[in-house]
Amino acid sequence: MTLDDPEARLRDTLESLASTVVPSPETTYTKARSEWQRRDRRRRLVMLVIAVLIVAAADVVGLWALHSLAEPDRPPRKERIDVIVQP
């Protein structure tokens, strides 16, 4: 190997670095994956609950507004009204 060959120097450096790496146990990946899936399910559930609450609140406000703006029914008259039909 010459000093002018950067590919050979890089290859040797990476090989020596790779020989010092210790692989992690399989359970670490499994634990991390299950934790991520749990967080993802929780996030989706929280977003679903928030969306349902927003829609329910909007429905309640809309129904309240429709009810409060409607005119109340007039009470029936107590006086008698005769209908006259002309021939």
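Look a little higher up for the structure.
Rules used in this analysis
- Every chain is numbered independently, its residues counted from 1 as its sequence is written.
- For a predicted model such as this one, the threshold for reporting local features is a pLDDT of at least 70, and the threshold for listing and counting side-chain atom pairs is 80 or more; totals across whole chains, interfaces and linings nevertheless cover every residue.
- Excluding hydrogens and water, the side-chain values take into account all heavy atoms of the structure.
- A run of H or I in DSSP becomes a helix once it reaches four residues, and a run of E becomes a strand once it reaches two; helices and strands are each numbered from the N terminus.
- We compute the radius of gyration over the C-alpha atoms and compare it with the globule rule, which gives 2.2 Å times the number of residues raised to the power 0.38.
- With a 1.4 Å probe rolled over the protein chains alone, any residue whose accessible area is under 20% of its type maximum counts as buried; one over 50% counts as exposed, and the rest are partly exposed.
- Note on areas: Shrake-Rupley with a 1.4 Å probe; residue coverage comes only from the protein chains shown.
- Surface patches are defined over residues having more than 30% relative accessible area and no salt bridge, joining like charges when they lie within 9 Å and nonpolar side chains (Val, Leu, Ile, Met, Phe, Trp, Tyr) when within 5 Å.
- In the sections that follow, a salt bridge refers to a side-chain nitrogen of Lys or Arg positioned within 4 Å of a carboxyl oxygen of Asp or Glu.

### Remarks on the overall build of the protein
- Helix and strand counts for the protein come out as two helices and zero strands.
- For the protein, the C-alpha radius of gyration of 39 Å lies well beyond 12 Å, the compact-globule estimate for 87 residues.
- The dimensions of the protein, computed from C-alpha atoms along their principal axes, are 125 × 35 × 25 Å.
- When the 87 residues of the protein are sorted by exposure, 2% land in the buried category.
- Looking at the protein as shown, the accessible area adds up to about 9300 Å², and 62% of this sits on carbon and sulfur atoms.

### A look at a nonpolar patch on the surface
- Judged by side-chain polarity, Leu45, Leu48, Val49, Val52 and Leu53 come together as a nonpolar surface patch covering roughly 480 Å² of accessible area.
- Relative to the helices and strands, Val52 resides in helix 2 (residues 26–69).

### Some words on the environment of Arg33
- Of note, Arg33 is situated in helix 2.
- Each C-alpha atom, one on Arg33 and one on Ser16, is 30 Å from the other, the two residues being 17 residues apart in sequence.

Just distances and angles here, no functional claims.
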